[in-house]
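Examining the three-dimensional arrangement
Take a look at the letters that make up each chain.
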Amino acid sequence: MFSYRHGFHAGNHADVLKHMVLIAVLKHLTAKPTALTVVDTHAGAGLYRLDSDFADTSGEARDGILKLAASPLAAGAPPLVADYLERVASFNPSGGTRIYPGSPFVTQALLRREPRDKLWLFELHPTDGKALAGHVAQLEDQRQVAIRREDGFEGLRSLLPPPSRRGLVLIDPSYEIKSDYQRVAACLQESLKKFATGTYMVWYPVIPRPEAHELPRRLKTLANQAGKPWLHATLNIGQAPERAKTHTPGEPAPRPGLTASGVFLVNPPHTLKAALQEALPAVLEVLGRGRGQAQAVEAS
Ligand code: SAM
């Protein structure tokens, strides 16, 4: 059932968008004194080696974090991009970018001991779940982090609303199963009823599939029905030129890799849209391949 392994995709353009936004949201939420609860319903392995067989085979990080970090534009990058690059660099104290932090470690690094913020991680894949547990075991303060090798959609139910009434839920499935699209929408709908003031962040792939196309529309409808503000950001880096070159007319077109993805937030920080409108063009300038585009739109 589980063929998806995030190790193949770690540090790609979709991770750049997702983790850049995640850092911005966490920085905003941790600026307030009340304790924060973060639930990561689809955590992955937590840390990834970009020089591993996985990452090397796919080469996806080369069109993502590795390209961004090596770009001369990184020096004067807008704050969101600079924060993201700095966070990734903090996992690579000897320089270079060999280690890439997934959402659990991006988040954990920003949580506070006082007040005692809490991180819940759900991961169903046996191997990635084990890897995640091993990585978390290296942390100095493990009490702040709880790992559940359970279904994240189900597990979230018992955690809302969080005790401090301040929380962020990251919903980042692999969409390996078609029903994930439906489950994401149902999960957001149910969660908003239990915890209407929480911040929710959903990642999804922009692919030619009706469910993927429909998902952001459904999420907008749900947020509007709940009377909550939302923000929708997308990053499309365009098709790799190599693919266009190697395609012989008359033969079936090669299946392109993922070229675009989006994040949809409910109750986003009020500063996020402007910050993204500054950051996304800079990211696109480095990662874009021809006809890429990026935008951040929010409910008026
Ligand atoms: N959030 C991670 C990050 O940004 O670093 C990446 C997560 S990856 C896109 C999705 C993960 O969800 C995979 O590791 C997969 O094994 C796991 N998964 C799939 N279905 C799940 C479910 N129902 N509950 C929890 N984990 C699940």
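For the structure itself, consult the block above.
Now for a look at the structure at hand. Chains are numbered independently. Their residues run from 1 in the order of the written sequence. Residues qualify for local features only when their pLDDT is at least 70, as the model is predicted, and side-chain atom pairs are given and counted only at 80 or more; totals for whole chains, interfaces and linings, by contrast, use all residues. Hydrogens and water are ignored here; the side-chain numbers use all heavy atoms of the structure.

**Regarding the pairing of strand β7 (residues 199-205)**
- Exposure is judged per residue with a 1.4 Å probe applied to protein chains only, and the accessible area is read against the type maximum: over 50% gives exposed, under 20% gives buried, and values in between give partly exposed. Helix numbering and strand numbering both begin at the N terminus, where a helix is a DSSP run of H or I of at least 4 residues and a strand a DSSP run of E of at least 2. With seven of seven residues buried, β7 is to be regarded as a mostly interior element.
- Inspection of the sheet shows strand β6 (residues 167-171) paired to β7 by four bridges, in the parallel sense. Counterpart to leucine 168 in the pairing with β7 is threonine 199.
- With the strands pointing away from the viewer, any crossover whose connection runs clockwise from the first strand over the helix to the second is right-handed. In this fold, the crossover linking β6 to β7 by way of helix α8 (residues 179-194) has right-handed handedness.
- DSSP-based pairing: two strands are paired if at least 2 bridges between them are found. The pairing of β7 with strand β9 (residues 260-266) spans six bridges and is antiparallel. In the sheet register, tyrosine 204 faces β9, and the bridge partner there is glycine 262.

**Some words on helix α1 (residues 13-29)**
- Relative to the 24 Å expected for 17 residues at 1.5 Å per residue, α1 spans 24 Å between its end C-alpha atoms, a close match to the ideal helical length.
- N-cap assignment for α1: the residue whose side-chain oxygen lies 3.1 Å from the backbone N of alanine 14 is asparagine 12. A helix is expected to span 1.5 Å for every residue after the first. We call two N or O atoms a polar contact when they sit within 3.5 Å, provided that within protein one can donate a hydrogen and the other can accept it, with sequence-adjacent residues counted only if both atoms are side-chain atoms.

**Some details on the site of the ligand**
- Lining the immediate environment of the ligand, one finds 22 residues, of which His19, His42, Ser103, Glu123 and Asp172 sit closest.
- Between the ligand and histidine 42 there is a distance of 2.8 Å, counted from a nitrogen atom to a backbone nitrogen or oxygen.
- Here a nitrogen atom of the ligand and a side-chain polar atom of aspartate 151 are 3.3 Å apart.
- Reported accessibility uses the Shrake-Rupley method at a 1.4 Å probe radius. Residues are deemed covered only where the shown protein chains occlude them. When the ligand sits alone it has 620 Å² of accessible area, and the protein chains cover 98% of it.
- Of the residues belonging to the shell around the ligand, the class tally is five nonpolar, ten polar and seven charged. Any residue with a non-hydrogen atom lying within 4 Å of a molecule or strand is treated as near it. All amino acids are sorted into three groups, where Ala, Val, Leu, Ile, Met, Phe, Trp, Tyr, Cys and Pro are nonpolar, Asp, Glu, Lys and Arg are charged, and the leftover types, Gly among them, are polar.

**Digging into the pattern of salt bridges**
- Whenever a carboxyl oxygen of Asp or Glu lies within 4 Å of a side-chain nitrogen of Lys or Arg, that contact is scored as a salt bridge. Scanning the entire structure with this criterion turns up 19 salt bridges.
- Residue aspartate 172 is joined to lysine 18 by a salt bridge in which the shortest nitrogen-to-oxygen separation is 2.7 Å. With a gap of 154 residues between them, aspartate 172 in the loop between β6 and α8 and lysine 18 in helix α1 connect regions that are remote in the sequence. Residue aspartate 172 shares its accessibility class with lysine 18, and that shared class is buried.
- Aspartate 63 is the salt-bridge partner of arginine 289, the closest N and O atoms lying 3.0 Å from each other. Taken together, the residues arginine 289 in the loop between α11 (272-287) and β10 (293-298) and aspartate 63 in the loop between α2 (53-58) and α3 (65-70) connect sequence positions 226 residues apart.
- One salt-bridge network, held together by shared partners, links Arg113, Arg116, Glu140, Asp141 and Arg143.

**Focus on the packing of aromatic side chains**
- Pairing of aromatic rings covers Phe, Tyr and Trp, the last through its six-membered ring, and needs centres within 6.5 Å; plane angles under 30 degrees mean stacked, over 60 mean edge-to-face, and all others mean tilted. Under the definition given, this model contains three aromatic pairs.
- The interplanar angle of 35° and the centroid separation of 4.6 Å between the aromatic rings of tyrosine 175 and tyrosine 181 together place this pair among those described as tilted.
- A residue is classified by how much of its surface remains accessible, and tyrosine 175, at 5% relative accessible area, is buried.
- Given the relative accessible area of 2%, tyrosine 181 is considered buried.
- With a centroid separation of 5.7 Å and 25° between ring planes, the pair formed by tryptophan 230 and phenylalanine 264 is classed as stacked. Within this pair, whereas tryptophan 230 is found in strand β8 (residues 230-236), its partner phenylalanine 264 is found in strand β9, the two being separated by 34 residues in sequence.
- Relative accessible area serves as the criterion here: at 9%, tryptophan 230 is assigned to the buried category.
- Grouped by ring-pair contacts, the aromatic residues Tyr175, Tyr181 and Trp203 constitute a single cluster.

**A word on the environment of glutamate 278**
- Note on placement: glutamate 278 falls in helix α11.
- For glutamate 278, a relative accessible area of 44% gives the class partly exposed.
- Residues glutamate 278 and valine 169 lie 109 residues apart in sequence; the distance between their C-alpha atoms is 25 Å.

**Section: the sheet that holds β7**
- Across the sheet, which stays open at both edges, the eight strands sit in the order β5-β4-β1-β6-β7-β9-β8-β10 with mixed pairing between neighbours. Looking at the sheet topology across the chains shown, the edges are occupied by β5 (145-148) and β10. Between one strand axis and the next, the sheet turns by 10° as a mean value, whatever way the strands run.
- Along the sheet face, helix α6 (residues 126-137) touches β4 (118-122) and β5 and points at about 165° away from the line of β5. Axis definition: a line fitted to C-alpha atoms, over the contacting stretch in the case of helices. Angles run 0 to 180 degrees between N-to-C directions. It only takes one pair of heavy atoms within 4.5 Å for two residues to be counted as in contact.

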